[in-house]
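Residue strings, one per chain:
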Amino acid sequence: MNSKRQVKINDLTIGGNAPVRVESMLKISLDKREEVLAQCERLINCGCEMARAALPRLEYAEDLKFLVEHTKLTIMADIHFDPALALAAMEAGCRAIRINPGNMPLNKLNDVITTAKNLGVVIRIGANGGSISLAQLDAAKGNRAEALYIAVREQAELLLSQNFTNLILSAKSSSVPECIKANELIAANYPEFPMHIGLTEAGPGDGGIVKGTACISNLLLKGIGDTLRVSLTDEPEREVKVGYEILKSLELRVKGVNLISCPTCGRRRADVMKLVKVVEPMLKNLPDGVSLAVMGCEVNGPKEARHAQYGIAGTPGGAVLFKEGKPFGEYKFEELEKILPEFLKN
Ligand code: SF4
(Lines give C-alpha, C1' and ligand atoms only; values in the text may rest on other atoms or scores of the structure.)
Protein backbone atom coordinates (compact mmCIF):
# COMPACT_ATOMS: atom_id res chain seq x y z
CA MET A 1 0.00 0.00 0.00
CA ASN A 2 2.71 2.45 0.97
CA SER A 3 6.08 0.90 0.32
CA LYS A 4 8.14 2.47 -2.42
CA ARG A 5 9.11 -0.86 -3.93
CA GLN A 6 6.79 -3.47 -5.27
CA VAL A 7 7.54 -7.18 -5.34
CA LYS A 8 5.92 -9.72 -7.60
CA ILE A 9 5.27 -13.36 -6.76
CA ASN A 10 4.03 -15.03 -9.92
CA ASP A 11 1.25 -12.60 -10.90
CA LEU A 12 0.69 -11.26 -7.39
CA THR A 13 2.02 -7.76 -6.78
CA ILE A 14 2.69 -6.65 -3.20
CA GLY A 15 3.54 -3.12 -2.10
CA GLY A 16 3.80 0.04 -4.15
CA ASN A 17 0.38 0.92 -5.46
CA ALA A 18 -1.01 -2.61 -5.16
CA PRO A 19 -4.03 -3.12 -2.87
CA VAL A 20 -3.32 -4.48 0.59
CA ARG A 21 -3.18 -8.25 0.12
CA VAL A 22 -4.95 -10.80 2.28
CA GLU A 23 -3.04 -13.93 3.23
CA SER A 24 -3.45 -16.99 5.36
CA MET A 25 -1.49 -20.10 6.23
CA LEU A 26 -2.25 -23.69 5.34
CA LYS A 27 -3.11 -25.69 8.44
CA ILE A 28 -2.78 -29.20 7.04
CA SER A 29 0.46 -31.14 6.62
CA LEU A 30 1.69 -31.02 3.01
CA ASP A 31 1.72 -34.81 2.61
CA LYS A 32 -2.10 -34.85 2.86
CA ARG A 33 -2.11 -33.68 -0.73
CA GLU A 34 -5.81 -33.80 -1.56
CA GLU A 35 -6.84 -32.19 1.74
CA VAL A 36 -4.30 -29.41 1.22
CA LEU A 37 -5.54 -28.80 -2.31
CA ALA A 38 -9.13 -28.64 -1.06
CA GLN A 39 -8.11 -26.13 1.61
CA CYS A 40 -6.40 -24.02 -1.08
CA GLU A 41 -9.57 -24.14 -3.18
CA ARG A 42 -11.67 -22.93 -0.23
CA LEU A 43 -9.15 -20.16 0.39
CA ILE A 44 -9.26 -19.05 -3.25
CA ASN A 45 -13.05 -18.99 -3.09
CA CYS A 46 -13.02 -16.57 -0.17
CA GLY A 47 -10.45 -14.28 -1.77
CA CYS A 48 -7.16 -15.43 -0.24
CA GLU A 49 -4.29 -14.17 -2.37
CA MET A 50 -1.36 -16.04 -0.87
CA ALA A 51 -0.94 -18.82 1.69
CA ARG A 52 2.15 -19.82 3.58
CA ALA A 53 2.88 -23.52 3.70
CA ALA A 54 5.21 -24.94 6.34
CA LEU A 55 8.01 -27.07 4.89
CA PRO A 56 9.36 -28.69 8.05
CA ARG A 57 11.41 -31.46 6.43
CA LEU A 58 12.99 -32.30 3.08
CA GLU A 59 10.74 -35.32 2.68
CA TYR A 60 7.82 -32.92 2.09
CA ALA A 61 9.53 -31.16 -0.85
CA GLU A 62 7.78 -33.40 -3.39
CA ASP A 63 4.44 -32.63 -1.75
CA LEU A 64 5.20 -28.93 -2.00
CA LYS A 65 6.03 -29.37 -5.69
CA PHE A 66 2.74 -31.19 -6.20
CA LEU A 67 0.87 -28.38 -4.46
CA VAL A 68 2.55 -25.58 -6.41
CA GLU A 69 1.82 -27.43 -9.65
CA HIS A 70 -1.83 -28.10 -8.83
CA THR A 71 -3.14 -24.98 -7.11
CA LYS A 72 -3.75 -21.51 -8.50
CA LEU A 73 -3.12 -20.03 -5.06
CA THR A 74 0.26 -18.33 -4.61
CA ILE A 75 2.26 -20.32 -2.06
CA MET A 76 5.02 -18.97 0.17
CA ALA A 77 7.15 -21.73 1.71
CA ASP A 78 7.72 -21.25 5.41
CA ILE A 79 11.30 -22.32 6.09
CA HIS A 80 12.81 -20.61 9.11
CA PHE A 81 16.52 -21.47 9.27
CA ASP A 82 17.40 -24.57 7.20
CA PRO A 83 19.05 -23.48 3.92
CA ALA A 84 18.53 -26.95 2.39
CA LEU A 85 14.77 -26.50 2.83
CA ALA A 86 14.90 -23.02 1.28
CA LEU A 87 16.70 -24.41 -1.77
CA ALA A 88 14.30 -27.37 -2.00
CA ALA A 89 11.27 -25.02 -1.84
CA MET A 90 12.60 -22.91 -4.71
CA GLU A 91 13.40 -26.04 -6.68
CA ALA A 92 9.83 -27.20 -6.03
CA GLY A 93 8.59 -24.10 -7.84
CA CYS A 94 7.85 -21.77 -4.91
CA ARG A 95 8.50 -18.17 -5.89
CA ALA A 96 8.30 -16.87 -2.32
CA ILE A 97 10.01 -18.16 0.80
CA ARG A 98 10.02 -17.04 4.37
CA ILE A 99 13.37 -17.54 6.06
CA ASN A 100 15.32 -16.48 9.10
CA PRO A 101 18.67 -15.65 7.47
CA GLY A 102 20.32 -14.78 10.78
CA ASN A 103 20.30 -18.46 11.73
CA MET A 104 21.83 -19.73 8.47
CA PRO A 105 25.57 -20.26 7.96
CA LEU A 106 26.80 -17.46 5.71
CA ASN A 107 28.03 -19.67 2.86
CA LYS A 108 24.72 -21.53 2.79
CA LEU A 109 22.79 -18.27 2.95
CA ASN A 110 24.73 -17.10 -0.09
CA ASP A 111 23.54 -20.20 -1.99
CA VAL A 112 19.96 -19.34 -1.04
CA ILE A 113 20.38 -15.72 -2.13
CA THR A 114 22.01 -16.68 -5.46
CA THR A 115 19.21 -19.13 -6.27
CA ALA A 116 16.54 -16.61 -5.23
CA LYS A 117 18.13 -13.97 -7.44
CA ASN A 118 18.33 -16.34 -10.41
CA LEU A 119 14.71 -17.44 -10.08
CA GLY A 120 13.23 -14.07 -9.08
CA VAL A 121 12.09 -15.45 -5.72
CA VAL A 122 10.74 -13.04 -3.10
CA ILE A 123 12.13 -13.54 0.40
CA ARG A 124 10.13 -12.59 3.46
CA ILE A 125 12.24 -12.08 6.52
CA GLY A 126 11.04 -11.21 9.92
CA ALA A 127 11.22 -11.61 13.60
CA ASN A 128 8.78 -13.00 16.06
CA GLY A 129 8.35 -11.95 19.68
CA GLY A 130 9.21 -15.48 20.76
CA SER A 131 12.56 -15.55 18.97
CA ILE A 132 14.20 -12.35 20.22
CA SER A 133 17.72 -13.10 21.47
CA LEU A 134 19.17 -11.87 24.75
CA ALA A 135 21.73 -9.83 22.79
CA GLN A 136 18.92 -8.10 20.87
CA LEU A 137 17.05 -7.45 24.10
CA ASP A 138 20.20 -6.02 25.68
CA ALA A 139 20.84 -3.81 22.65
CA ALA A 140 17.28 -2.49 23.01
CA LYS A 141 17.78 -1.90 26.76
CA GLY A 142 15.00 -4.35 27.52
CA ASN A 143 12.43 -2.76 25.21
CA ARG A 144 10.87 -5.74 23.42
CA ALA A 145 9.43 -3.74 20.51
CA GLU A 146 12.83 -2.25 19.79
CA ALA A 147 14.46 -5.67 20.15
CA LEU A 148 12.02 -6.98 17.53
CA TYR A 149 12.99 -4.15 15.23
CA ILE A 150 16.69 -4.85 15.82
CA ALA A 151 16.11 -8.51 14.93
CA VAL A 152 14.46 -7.50 11.64
CA ARG A 153 17.19 -4.94 10.94
CA GLU A 154 19.92 -7.55 11.42
CA GLN A 155 18.23 -9.88 8.93
CA ALA A 156 17.48 -7.13 6.43
CA GLU A 157 21.06 -5.83 6.52
CA LEU A 158 22.36 -9.34 5.95
CA LEU A 159 20.43 -9.62 2.71
CA LEU A 160 20.93 -6.03 1.61
CA SER A 161 24.69 -6.45 2.04
CA GLN A 162 24.42 -9.18 -0.63
CA ASN A 163 22.46 -6.79 -2.87
CA PHE A 164 19.27 -8.74 -2.38
CA THR A 165 16.27 -6.39 -2.42
CA ASN A 166 13.36 -8.61 -3.46
CA LEU A 167 12.16 -8.47 0.13
CA ILE A 168 9.11 -8.36 2.35
CA LEU A 169 9.72 -7.39 5.99
CA SER A 170 7.70 -8.40 9.03
CA ALA A 171 7.75 -8.28 12.80
CA LYS A 172 5.17 -10.08 14.87
CA SER A 173 4.35 -10.36 18.51
CA SER A 174 1.36 -11.51 20.52
CA SER A 175 1.27 -8.13 22.28
CA VAL A 176 -0.67 -5.47 20.36
CA PRO A 177 1.32 -2.40 21.56
CA GLU A 178 4.64 -4.21 21.08
CA CYS A 179 3.73 -5.35 17.59
CA ILE A 180 2.54 -1.88 16.55
CA LYS A 181 5.69 -0.19 17.86
CA ALA A 182 8.04 -2.68 16.19
CA ASN A 183 6.28 -2.25 12.85
CA GLU A 184 6.38 1.54 13.17
CA LEU A 185 10.14 1.34 13.64
CA ILE A 186 10.56 -0.89 10.58
CA ALA A 187 8.37 1.37 8.42
CA ALA A 188 10.27 4.46 9.55
CA ASN A 189 13.68 2.92 8.81
CA TYR A 190 12.92 0.81 5.74
CA PRO A 191 10.12 2.69 3.98
CA GLU A 192 11.06 1.29 0.60
CA PHE A 193 10.22 -2.35 1.38
CA PRO A 194 6.76 -3.94 1.44
CA MET A 195 5.65 -5.05 4.88
CA HIS A 196 3.62 -8.04 5.97
CA ILE A 197 1.61 -7.22 9.09
CA GLY A 198 -0.33 -9.17 11.68
CA LEU A 199 -0.46 -10.14 15.31
CA THR A 200 0.84 -13.59 16.03
CA GLU A 201 -0.88 -16.13 18.27
CA ALA A 202 -3.95 -13.92 18.61
CA GLY A 203 -5.98 -16.88 19.79
CA PRO A 204 -9.53 -18.07 19.10
CA GLY A 205 -12.93 -16.45 18.75
CA ASP A 206 -13.91 -12.88 19.51
CA GLY A 207 -10.77 -12.19 21.55
CA GLY A 208 -8.49 -13.28 18.71
CA ILE A 209 -10.39 -11.23 16.14
CA VAL A 210 -10.37 -8.12 18.35
CA LYS A 211 -6.63 -8.39 19.09
CA GLY A 212 -5.71 -8.99 15.45
CA THR A 213 -8.00 -6.19 14.28
CA ALA A 214 -6.69 -3.73 16.88
CA CYS A 215 -3.12 -4.30 15.71
CA ILE A 216 -3.69 -4.46 11.96
CA SER A 217 -6.14 -1.52 11.82
CA ASN A 218 -3.86 0.70 13.83
CA LEU A 219 -0.98 0.04 11.44
CA LEU A 220 -3.05 0.34 8.27
CA LEU A 221 -4.44 3.70 9.40
CA LYS A 222 -0.85 4.89 9.75
CA GLY A 223 -0.15 3.76 6.19
CA ILE A 224 1.85 0.72 7.32
CA GLY A 225 1.24 -2.68 5.77
CA ASP A 226 1.15 -4.09 2.25
CA THR A 227 -0.04 -7.60 2.98
CA LEU A 228 -1.74 -8.98 6.09
CA ARG A 229 -2.69 -12.11 7.90
CA VAL A 230 -5.16 -12.29 10.76
CA SER A 231 -3.70 -15.23 12.72
CA LEU A 232 -6.53 -17.08 14.44
CA THR A 233 -6.94 -20.40 16.14
CA ASP A 234 -9.57 -21.17 13.55
CA GLU A 235 -9.96 -22.26 9.94
CA PRO A 236 -7.77 -20.27 7.52
CA GLU A 237 -10.86 -19.14 5.59
CA ARG A 238 -11.97 -17.30 8.71
CA GLU A 239 -8.64 -15.47 8.78
CA VAL A 240 -9.22 -14.32 5.20
CA LYS A 241 -12.81 -13.24 5.83
CA VAL A 242 -11.77 -11.19 8.87
CA GLY A 243 -8.88 -9.70 6.87
CA TYR A 244 -11.28 -8.45 4.22
CA GLU A 245 -13.69 -7.15 6.85
CA ILE A 246 -10.84 -5.09 8.33
CA LEU A 247 -9.96 -3.63 4.93
CA LYS A 248 -13.63 -2.94 4.18
CA SER A 249 -14.22 -1.22 7.52
CA LEU A 250 -11.19 1.03 6.90
CA GLU A 251 -12.45 1.71 3.37
CA LEU A 252 -9.16 0.48 1.95
CA ARG A 253 -10.47 -2.39 -0.08
CA VAL A 254 -13.97 -3.57 -0.74
CA LYS A 255 -14.88 -7.20 -1.05
CA GLY A 256 -18.45 -8.37 -0.69
CA VAL A 257 -21.50 -6.44 0.41
CA ASN A 258 -21.30 -3.70 3.00
CA LEU A 259 -24.00 -4.88 5.38
CA ILE A 260 -25.23 -2.16 7.70
CA SER A 261 -27.63 -3.30 10.39
CA CYS A 262 -28.79 -1.62 13.55
CA PRO A 263 -28.00 -3.18 16.92
CA THR A 264 -31.78 -3.03 17.73
CA CYS A 265 -33.30 -1.60 20.88
CA GLY A 266 -36.67 -1.45 22.61
CA ARG A 267 -38.12 0.44 19.62
CA ARG A 268 -37.51 -2.34 17.18
CA ARG A 269 -40.46 -3.31 14.99
CA ALA A 270 -38.72 -6.11 13.17
CA ASP A 271 -36.54 -8.92 14.39
CA VAL A 272 -33.32 -7.60 12.83
CA MET A 273 -31.20 -10.57 13.86
CA LYS A 274 -33.67 -12.94 12.23
CA LEU A 275 -33.91 -10.72 9.17
CA VAL A 276 -30.13 -10.50 8.79
CA LYS A 277 -29.96 -14.30 8.95
CA VAL A 278 -32.49 -14.51 6.12
CA VAL A 279 -30.81 -11.81 4.01
CA GLU A 280 -27.15 -12.76 4.43
CA PRO A 281 -27.11 -15.91 2.29
CA MET A 282 -28.77 -13.90 -0.51
CA LEU A 283 -25.92 -11.38 -0.68
CA LYS A 284 -23.30 -13.65 -2.26
CA ASN A 285 -24.27 -12.77 -5.81
CA LEU A 286 -24.36 -9.01 -5.32
CA PRO A 287 -21.41 -7.02 -6.67
CA ASP A 288 -18.55 -6.00 -4.35
CA GLY A 289 -19.17 -2.73 -2.55
CA VAL A 290 -22.98 -2.73 -2.71
CA SER A 291 -24.46 -1.55 0.57
CA LEU A 292 -27.50 -3.01 2.25
CA ALA A 293 -29.03 -1.58 5.42
CA VAL A 294 -31.28 -3.57 7.72
CA MET A 295 -32.86 -1.30 10.32
CA GLY A 296 -35.14 -2.30 13.14
CA CYS A 297 -37.72 0.48 13.18
CA GLU A 298 -39.22 3.49 11.47
CA VAL A 299 -37.44 5.98 13.78
CA ASN A 300 -33.97 5.88 12.22
CA GLY A 301 -34.56 3.09 9.78
CA PRO A 302 -35.93 4.82 6.67
CA LYS A 303 -33.24 7.51 6.64
CA GLU A 304 -30.42 5.01 7.05
CA ALA A 305 -32.00 2.58 4.64
CA ARG A 306 -32.35 5.31 2.01
CA HIS A 307 -28.59 5.95 2.03
CA ALA A 308 -27.82 2.36 1.15
CA GLN A 309 -28.35 0.91 -2.31
CA TYR A 310 -30.70 -1.61 -0.71
CA GLY A 311 -32.56 -0.76 2.48
CA ILE A 312 -34.88 -2.67 4.75
CA ALA A 313 -36.59 -0.66 7.49
CA GLY A 314 -38.79 -2.36 10.05
CA THR A 315 -42.42 -1.23 10.47
CA PRO A 316 -45.05 -2.36 13.00
CA GLY A 317 -46.26 -5.13 10.66
CA GLY A 318 -43.20 -5.92 8.59
CA ALA A 319 -40.76 -3.76 6.62
CA VAL A 320 -40.46 -1.09 3.96
CA LEU A 321 -37.93 -1.92 1.27
CA PHE A 322 -35.90 0.76 -0.51
CA LYS A 323 -33.82 0.45 -3.64
CA GLU A 324 -31.45 3.29 -4.52
CA GLY A 325 -33.33 5.47 -2.03
CA LYS A 326 -36.76 4.88 -3.60
CA PRO A 327 -39.46 2.83 -1.89
CA PHE A 328 -39.75 -0.62 -3.42
CA GLY A 329 -42.77 -1.65 -1.37
CA GLU A 330 -44.08 -2.40 2.08
CA TYR A 331 -44.44 -6.04 3.04
CA LYS A 332 -45.61 -8.10 5.95
CA PHE A 333 -42.84 -9.86 7.84
CA GLU A 334 -44.01 -13.26 6.60
CA GLU A 335 -43.78 -12.07 2.98
CA LEU A 336 -40.19 -10.86 3.22
CA GLU A 337 -38.39 -14.15 2.69
CA LYS A 338 -40.27 -14.61 -0.57
CA ILE A 339 -39.91 -11.07 -1.88
CA LEU A 340 -36.23 -10.52 -0.98
CA PRO A 341 -34.68 -12.47 -3.89
CA GLU A 342 -36.76 -10.35 -6.31
CA PHE A 343 -35.83 -7.18 -4.41
CA LEU A 344 -32.09 -8.00 -4.51
CA LYS A 345 -32.06 -8.68 -8.26
CA ASN A 346 -29.80 -6.05 -9.87
S1 SF4 B 1 -33.04 1.75 14.04
FE2 SF4 B 1 -34.70 1.72 15.52
S3 SF4 B 1 -34.60 -0.36 16.43
FE4 SF4 B 1 -32.65 0.00 15.43
S5 SF4 B 1 -31.36 0.78 17.09
FE6 SF4 B 1 -32.20 2.55 15.98
S7 SF4 B 1 -34.04 3.11 17.15
FE8 SF4 B 1 -33.47 1.01 17.79
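Residues numbered from 1 in each chain as written. Predicted model: local features only at pLDDT ≥ 70, side-chain atom pairs only at ≥ 80, totals over all residues.

### A few points about the sheet that holds strand β12 (residues 291-295)
Then, in step 1: Pairing is mixed in the open sheet, where five strands are placed in the order β11-β12-β13-β14-β15. Looking at which strands have only one partner, the edges of the open sheet turn out to be β11 (258-261) and β15 (326-332). Averaged over all neighbouring strand pairs, the angle between strand axes comes to 15°, with direction disregarded.
Then, in step 2: Two elements, strand β13 (residues 310-314) and strand β14 (residues 318-323), share five bridges in a ladder whose sense is antiparallel. Bridge pairing in β14 places Y310 opposite K323.
Then, in step 3: Where helix α10 (residues 272-279) meets the sheet, it contacts β11, β12 and β13, and its direction lies at approximately 150° from that of β12. (Pairing = 2+ DSSP bridges. Helix = DSSP H or I, 4+ residues; strand = E, 2+ residues; numbered from the N terminus. Axes fitted to C-alpha atoms, helices over the stretch in contact; angles between N-to-C directions. Contact = placed C-beta atoms within 7 Å.)

### So, the packing of helix α6 (residues 144-160) against helix α7 (residues 176-189)
Then, in step 1: At a closest axis distance of 8 Å, the pairing of α6 and α7 adopts a crossing angle of 40°. In terms of axis orientation, α6 runs oblique to α7. In this structure, the crossing between α6 and α7 has a hand that is right-handed. Along its contact with α6, which presents R144, A145, E146, L148, Y149, V152 and R153, the element α7 presents E178, K181, A182, L185, I186 and N189. (Parallel < 35°, antiparallel > 145°, perpendicular 65-115°, else oblique. Left-handed = near helix turned anticlockwise from the far one by under 90°.)

### A few points about α6
Then, in step 1: The end-to-end C-alpha distance of α6 is 24 Å, a good match for the 24 Å that 17 residues give at a rise of 1.5 Å each.
Then, in step 2: Inspection of α6 places A145, E146, A147, L148, Y149, I150, A151, V152, R153, Q155, A156 and L159 among the buried residues, and these make up the whole buried set.
Then, in step 3: Where α6 is buried, its residues contact α4 (106-119), β7 (122-128), α5 (134-139), β8 (167-172) and α7. (Expected span 1.5 Å × (residues − 1). Buried ≥ 20, exposed ≤ 12 C-beta atoms within 10 Å, placed from the backbone.)

### A closer look at the domain arrangement of the chain
Then, in step 1: The domain architecture assigned to the chain consists of domain 1 (6-249) and domain 2 (258-343).
Then, in step 2: For domain 1 versus domain 2, the separation of C-alpha centres amounts to 40 Å. (Domains from an automatic or database assignment.)

### Examining the sheet that holds strand β9 (residues 196-197)
Then, in step 1: Pairing in this open sheet of eight strands is parallel, and the strands run β8-β7-β6-β5-β4-β3-β10-β9 from one edge to the other. Across the chains shown, the open sheet's two edge strands, defined by having one partner strand only, are β8 and β9.
Then, in step 2: Of the strand pairs in this sheet, β9 and strand β10 (residues 227-228) are connected by two bridges, and their pairing is parallel. Note that in β10 the partner of I197 across the bridge is L228.
Then, in step 3: Lying over the sheet, α7 contacts β8 and β9, oriented at roughly 150° with respect to β8.

### As for the pairing of strand β1 (residues 6-9)
Then, in step 1: Residues V7 and I9 line the buried face of β1, whereas the alternating positions Q6 and K8 sit on a face that is not buried.
Then, in step 2: Bridge count between β1 and strand β2 (residues 12-15): four bridges; the pairing is antiparallel. Bridge pairing in β2 links I9 to L12.
Then, in step 3: Here β1 folds back onto β2 in antiparallel fashion, the turn holding two residues, of which N10 has a positive phi close to 55°.

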